[in-house]
There are 2 protein chains.
Amino acid sequence: MPVDVHKLKTVCSSCSLRELCLPAGLDQRELEQVERVVNRRRPIKRGDYLYRAGSELNSLYAIRTGFMKSCVLHDDGREQVAGFHMMGDLLGLDAISSNKHTCDAIALEDSEVCEIPFVVLERLSRDIPSLQQHFHRLMSREIVRDYGVMLLLGSMLAEERLAAFLLNLSQRFAARGYSSTEFNLRMTREEIGSYLGLKLETISRVLSRFQEEGLIEVQSKRIKIVNMGALRALIGQHDCH
Amino acid sequence: MPVDVHKLKTVCSSCSLRELCLPAGLDQRELEQVERVVNRRRPIKRGDYLYRAGSELNSLYAIRTGFMKSCVLHDDGREQVAGFHMMGDLLGLDAISSNKHTCDAIALEDSEVCEIPFVVLERLSRDIPSLQQHFHRLMSREIVRDYGVMLLLGSMLAEERLAAFLLNLSQRFAARGYSSTEFNLRMTREEIGSYLGLKLETISRVLSRFQEEGLIEVQSKRIKIVNMGALRALIGQHDCH
DNA sequence: TTGTTATTTTGATCTAGGTCAAAACCGATG
DNA sequence: CATCGGTTTTGACCTAGATCAAAATAACAA
């Protein structure tokens with residue numbers, strides 16, 4: 001099936017795979033190849049697993065629509081949310097090292113993903129240098145993100161963590177063309193707490209405090225950022241002696 | 001940015017790059033190519049920076065000998081140790097995403113690294129599939145490690161964190177042919193604390209407690225693990241209701 | 001709509017780990 | 001080998017956030 005570049009771009013962006021496709025000059029043929037790999041879609045119902053820790057790595061998944069979380073599991077049943085993922089994010093990178101997924105990926109709302117068979121991606125990225133580069137950058141970006149989470153968990157106060165969390169969401173929504181100041185949380189207070197290393201009551205309390213102080217407006221899952229600057233100022237203002 | 005592996009053999013052992021070379025069949029010519037890339041050595045004095053956050057990515061670095069830490073920096077000067085790295089670990093992976101290093105890498109003792117120009121590695125890994133695979137696995141392994149740290153920081157008690165830390169060191173020493181039960185820490189209590197999201201006094205206290213309980217013997221930086229099993233049992237025994 | 005369950009808020013209390021302070025220790029350097 | 005700055009240990013006390021509990025609210029299925 002012949003495809004013109006313009007259409008392909010549309011297809012790709014409609015697939016929300018700005019992440020995977022676009023960047024840097026792929027020529028006609030390359031785009032076709034990439035498209036073929038990326039085309040299998042798969043819907044995931046809210047609450048369903050995209051994959052589970054321990055299961056075999058077959059594909060990476062790019063989120064087309066929806067919202068997901070990934071959870072690291074501890075032997076004793078404790079679980080820790082390692083990340084929240086939305087349109088355009090690529091999931092499953094952790095599984096490459098051992099060919100087994102090391103965390104669960106669960107849909108927080110009805111979602112759709114593009115399935116990308118990993119072996120095919122690996123082969124393609126040998127033939128298409130710009131794809132290879134892009135893939136490397138994506139893995140590296142995940143590592144950078146992880147370092148940010150470590151910083152957050154290791155040395156920030158509850159208020160700072162939550163401010164950072166809200167600002168991060170805001171930014172990511174903005175980058176996808178949604179409002180940076182009004183959005184609703186797809187996850188529960190408990191899930192936020194798990195991600196931030198805090199308990200759900202603390203999340204609730206800090207959100208309330210933020211509201212009292214006029215930084216945000218909250219009504220259950222609906223968030224409106226009222227004073228972005230003050231929220232930013234909260235981070236990293238820890239008195240250092 | 002760190003990563004450790006255990007299998008290696010002759011060819012690259014001189015460079016201690018069991019990490020980068022070996023896995024899966026490289027033929028004669030390929031080995032030579034890889035060796036050429038990996039051959040530039042560079043000594044780093046204790047306390048010196050291998051690279052700094054913000055500096056341009058030129059090379060990745062594999063540690064030949066010595067011990068290093070990487071630190072994420074917060075705007076306000078707070079710093080968080082993101083990892084400790086030893087022989088065979090590969091550093092700099094975080095820099096690929098933006099072509100700038102996102103953390104400092106500092107030698108904790110006189111060390112030597114192999115410098116691996118990233119563009120060359122990228123080119124080579126297109127030509128040598130097994131190298132490509134290995135490189136992907138290394139990046140992925142770093143992500144898995146990061147998830148482990150998140151779990152630790154997000155949901156473990158001080159004792160569990162320190163037990164996990166000691167066991168991890170023990171394991172990594174063992175994988176490199178050193179004693180798994182006796183080693184000395186190259187980092188200060190403060191650096192351990194930063195890594196584990198605790199204060200140095202807490203590290204000191206918990207180490208003392210472990211000694212009282214007969215789990216380990218400590219004399220300043222010298223550690224002897226006396227009861228490995230009990231140490232293991234400490235992790236993940238948190239009463240879950 | 002109503003009943004049912006999950007989620008959220010808020011208050012009262014508790015505690016793991018932080019903070020402050022001081023002494024002991026260690027290793028490098030002259 | 002005495003000295004000096006950087007670690008480490010230990011104690012006394014304090015606080016951010018956890019825990020426990022209960023009410024209020026939202027989500028949802030019948």
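Numbers given to residues run from 1 along each chain, matching the order in which its sequence is written. Chains and ligands are labelled by the order in which they are written, letters from A for the one and numbers from 1 for the other. pLDDT decides what is reported in this predicted model: residues at 70 or higher carry local features, side-chain atom pairs at 80 or more are listed and counted, and totals for whole chains, interfaces and linings draw on all residues regardless. Side-chain calculation: all heavy atoms of the structure are included, whereas hydrogens and water are not.

Focus on the sheet that holds strand β9 (residues 222-225) of chain A
Residue and element names in this part refer to chain A.
Right, so step 1: Any two strands with at least two DSSP-identified bridges between them are counted as paired. The helix count covers DSSP runs of H or I at least four residues long, the strand count covers runs of E at least two residues long, and both are numbered beginning at the N terminus. Sheet architecture is open: three strands sit in the order β7-β9-β8, paired in antiparallel fashion. If you trace the sheet from one side to the other, it starts and ends with β7 (182-184) and β8 (216-219), each paired once. With strand direction ignored, the average angle separating the axes of adjacent strands in the sheet is 15 degrees.
Right, so step 2: Here three bridges tie β7 to β9, and the two strands are oriented antiparallel to one another. Paired with N184 across the strands is R222, a residue of β9. Every angle, taken between N-to-C directions, lies between 0 and 180 degrees, and every axis is a line fitted to C-alpha atoms, over only the stretch in contact when it is a helix.

Let's talk about the domain arrangement of chain A
Residue and element names in this part refer to chain A.
Right, so step 1: Domain limits in this description derive from either an automatic procedure or a database domain assignment. Structurally, chain A comprises domain 1 (5-128) and domain 2 (156-235).
Right, so step 2: When checking whether two residues touch, look at their non-hydrogen atoms; a contact exists if any pair is within 4.5 Å. At the junction of the two partners, domain 1 supplies 15 residues and domain 2 supplies 13 residues.
Right, so step 3: Defined in terms of a 1.4 Å probe, buried area is the accessible area two parts forfeit on being brought together, summed over both. With both chains or domains summed, domain 1 and domain 2 bury close to 1300 Å², and 56% of this area falls on carbon and sulfur atoms.
Right, so step 4: When residues of domain 1 are sorted by the area they lose upon contact with domain 2, F67, F84 and M86 head the list and together hold 45% of the total.
Right, so step 5: Criterion for a salt bridge: a side-chain nitrogen of Lys or Arg within 4 Å of a carboxyl oxygen of Asp or Glu. Where domain 1 packs against domain 2, one counts four salt bridges.
Right, so step 6: Here K69 and E191 are joined by a salt bridge, their closest N and O atoms 2.9 Å apart.
Right, so step 7: Any N or O atom pair separated by 3.5 Å or less is treated as a polar contact, with the protein-specific requirement of one donor-capable and one acceptor-capable atom, and with residues adjacent in sequence counted only for side-chain atom pairs. Seen at the junction of domain 1 and domain 2, the total is eight residue pairs in polar contact (both at pLDDT 80 or more).
Right, so step 8: Sorting the residues of the side of domain 1 that touches domain 2 by element identifies β3 (59-73), β4 (79-86) and β6 (104-117) as the ones contributing at least two each.
Right, so step 9: The biggest single contributor to the side of domain 1 that touches domain 2 is β4, with eight residues.

Notes on helix α4 (residues 129-155) of chain B
Right, so step 1: Every helix has an expected span of 1.5 Å times one less than the residues it contains. Here α4(B) spans 39 Å end to end across 27 residues, near enough to the 39 Å set by a 1.5 Å rise per residue.
Right, so step 2: The classification of residues rests on relative accessible area computed with a 1.4 Å probe and restricted to protein chains. Under 20% of the type maximum is buried, over 50% is exposed, and intermediate values are partly exposed. Burial analysis of α4(B) places 20 of its 27 residues in the buried class, the great majority of the element.

Quick look at the interface of chain B and chain A
Right, so step 1: Each side of the interface is counted separately: chain B has 50 residues, and chain A has 48 residues.
Right, so step 2: Across the chain B/chain A interface, buried area totals approximately 4400 Å², and carbon plus sulfur atoms make up 61% of it.
Right, so step 3: By the criterion of area lost to chain A, the three top residues of chain B are B:R78, B:Y147 and B:M150, representing 17% of everything that side buries.
Right, so step 4: One can count two salt bridges joining chain B with chain A.
Right, so step 5: Taking the shortest distance from any N to any O, the salt bridge between B:R78 and A:E160 comes out at 2.7 Å.
Right, so step 6: Linking chain B to chain A there are 23 residue pairs in polar contact (both at pLDDT 80 or more).
Right, so step 7: Mapped by element, the contributors of at least two residues to the side of chain B that touches chain A are β4 (67-73), β5 (79-86), α3 (118-127) and α4 of chain B.
Right, so step 8: Per-element tally for the side of chain B that touches chain A: the top contributor is α4(B), with 21 residues.
Right, so step 9: Each residue receives one of three labels: charged for Asp, Glu, Lys and Arg, nonpolar for Ala, Val, Leu, Ile, Met, Phe, Trp, Tyr, Cys and Pro, and polar for the others, Gly being one of them. Grouping the constituent residues of the side of chain B that touches chain A by class yields 23 nonpolar, 16 polar and eleven charged.

Side note on the protein's contact with DNA strand D
Right, so step 1: A:A158, A:T202, B:R189, B:S208 and B:K221 are the nearest of the 16 residues found near DNA strand D.
Right, so step 2: Near residues are defined by distance, with any heavy atom within 4 Å of the molecule or strand qualifying the residue. Counting only atoms of DNA strand D within 4 Å of the protein, the sugar-phosphate share comes to 67%.
Right, so step 3: In the model, a phosphate oxygen of DNA strand D is placed 2.2 Å from a nitrogen or oxygen of the A:T202 side chain.
Right, so step 4: Taking B:R189, its main chain carries an N or O atom lying 2.7 Å from a phosphate oxygen of DNA strand D.
Right, so step 5: Elements supplying a minimum of two residues to the surface near DNA strand D: α7 (200-212) of chain A together with α7 (200-212) of chain B.
Right, so step 6: Per-element accounting of the surface near DNA strand D gives the leading share, four residues, to α7(B).
Right, so step 7: Here the residues of the surface near DNA strand D sort into three nonpolar, five polar and eight charged.

Re the protein's contact with DNA strand C
Right, so step 1: Close to DNA strand C lie 17 residues, the nearest being A:R189, A:S208, A:K221, B:A158 and B:T202.
Right, so step 2: At a separation of 3.3 Å, a base nitrogen of DNA strand C approaches a polar side-chain atom of B:E201.
Right, so step 3: B:R205 is positioned with one of its side-chain polar atoms (N or O) 2.8 Å from a base oxygen of DNA strand C.
Right, so step 4: Ranked by residues supplied to the surface near DNA strand C, first place goes to α7(A) with five residues.

Digging into unusual backbone geometry
Residues and elements named next belong to chain A.
Right, so step 1: Even without being a glycine, N99 presents a positive backbone phi close to 65 degrees.
Right, so step 2: Counting through the fold element by element, N99 comes out in the loop between β5 (90-91) and β6.
Right, so step 3: You can call N99 partly exposed: its relative accessible area is 36%.
Right, so step 4: Backbone geometry places S220, a non-glycine residue, at a positive phi of 55 degrees.
Right, so step 5: Relative to the elements of secondary structure, S220 occurs in the loop between β8 and β9.

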